[in-house]
Amino acid sequence: MERGLVLQPEAKDLVLIAADEDGREYHLEPHAAGAWFKMHETAKAQGIDFFVVSAFRSVDRQVEIIQRKKLSGLPLEQILAVSAIPGYSEHHTGRAIDIGTENCALLEEAFEQTESFQWLVQYAKQFGFIMSFPRNNIYGYQYEPWHWYYQG
Ligand SMILES: [Zn+2]
């Protein structure tokens, strides 16, 4: 299937939404950040706890990721099956977020078996978030139950 190549503008305005103990920071553009805070709080209040694994990513950073994978010997075709071409990742917009939860490998299909995923399927839309790459999506990307996009 043809990949849906859509250039994604890089966000200029960014808000810090989380930081790891090791100092890694996560950012989203302001509207997506506000929606994320609301969604995260609401889920928590209902006993569902999930966290951010990846948020805004610059075009330069995407180039680095792909170069690192190439240097490790992976064929480009295999790399581009899971990583967007620089300039084409929804993460550039500051509106996409990868979500993880306790006791589940990060960025794996198994995420769909978690309570967090079930909650997102039911409620994320109320906060403006949609799953970008469901099974058999029109873009030809792999199924990514952890990747959610703020469309407002
Ligand atoms: Zn993602």
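Residues numbered from 1 in each chain as written. Predicted model: local features only at pLDDT ≥ 70, side-chain atom pairs only at ≥ 80, totals over all residues. Heavy atoms only, no water.

The protein is annotated in an unreviewed UniProt entry as D-alanyl-D-alanine carboxypeptidase family protein from Aquirhabdus parva.

A. Up close: the nonpolar core. Of all hydrophobic cores here, the largest spans 27 residues; its most connected members are Trp36, Met39 and Phe129. Of all the secondary structure elements, the ones that give two or more residues to this core are β2 (25-28), α1 (30-45), β3 (50-54), β4 (96-101), α4 (115-123) and β6 (147-150). With 6 residues, the single largest contributor to this core is α1. (Core = buried A, V, L, I, M, F, W, Y, C linked by side-chain atoms within 4.5 Å. Buried < 20%, exposed > 50% of the residue type's maximum accessible area, 1.4 Å probe, protein only. Helix = DSSP H or I, 4+ residues; strand = E, 2+ residues; numbered from the N terminus.)

B. Broad picture of α1. For α1, spanning 16 residues, the distance from its first C-alpha to its last is 23 Å, which sits close to the expected 22 Å at 1.5 Å a residue. All of the buried residues along α1 are Ala32, Ala33, Ala35, Trp36, Met39, His40 and Ala43. Along the axis of α1, the buried residues cluster in a sector spanning 165 degrees; they form a single face. Seen from the buried face of α1, the exposed residues on the opposite side, beyond 90 degrees, are His31, Lys38 and Ala45. A positive phi of about 85 degrees marks glycine 47, the residue just after α1. (Expected span 1.5 Å × (residues − 1). Arc of directions from axis to C-beta.)

C. Broad picture of the packing of aromatic side chains. Enumeration over the complete set of coordinates arrives at 8 aromatic pairs. With 5.9 Å between their ring centres and 50 degrees between their planes, phenylalanine 50 and tryptophan 119 make a pair best called tilted. Of this pair, phenylalanine 50 sits in strand β3 while tryptophan 119 sits in helix α4, and the two are 69 residues apart along the sequence. The pair phenylalanine 50 / tryptophan 119 is uniform in exposure class, with both members buried. Both rings, one in tryptophan 119 and one in tyrosine 123, keep their centres 5.0 Å apart while their planes meet at 45 degrees; by these two values the pair is tilted. Placement of the pair is tryptophan 119 and tyrosine 123 together in helix α4, with a separation of 4 residues, close to one helical turn. Looking at tryptophan 119, the relative accessible area reads 5%, which means it is buried. Given a relative accessible area of 24%, tyrosine 123 falls into the partly exposed group. Of the aromatic side chains, those joined through ring pairs into one cluster are Trp36, Phe50, Trp119, Tyr123 and Phe127. (Phe/Tyr/Trp six-rings, centres within 6.5 Å; stacked < 30°, edge-to-face > 60°.)

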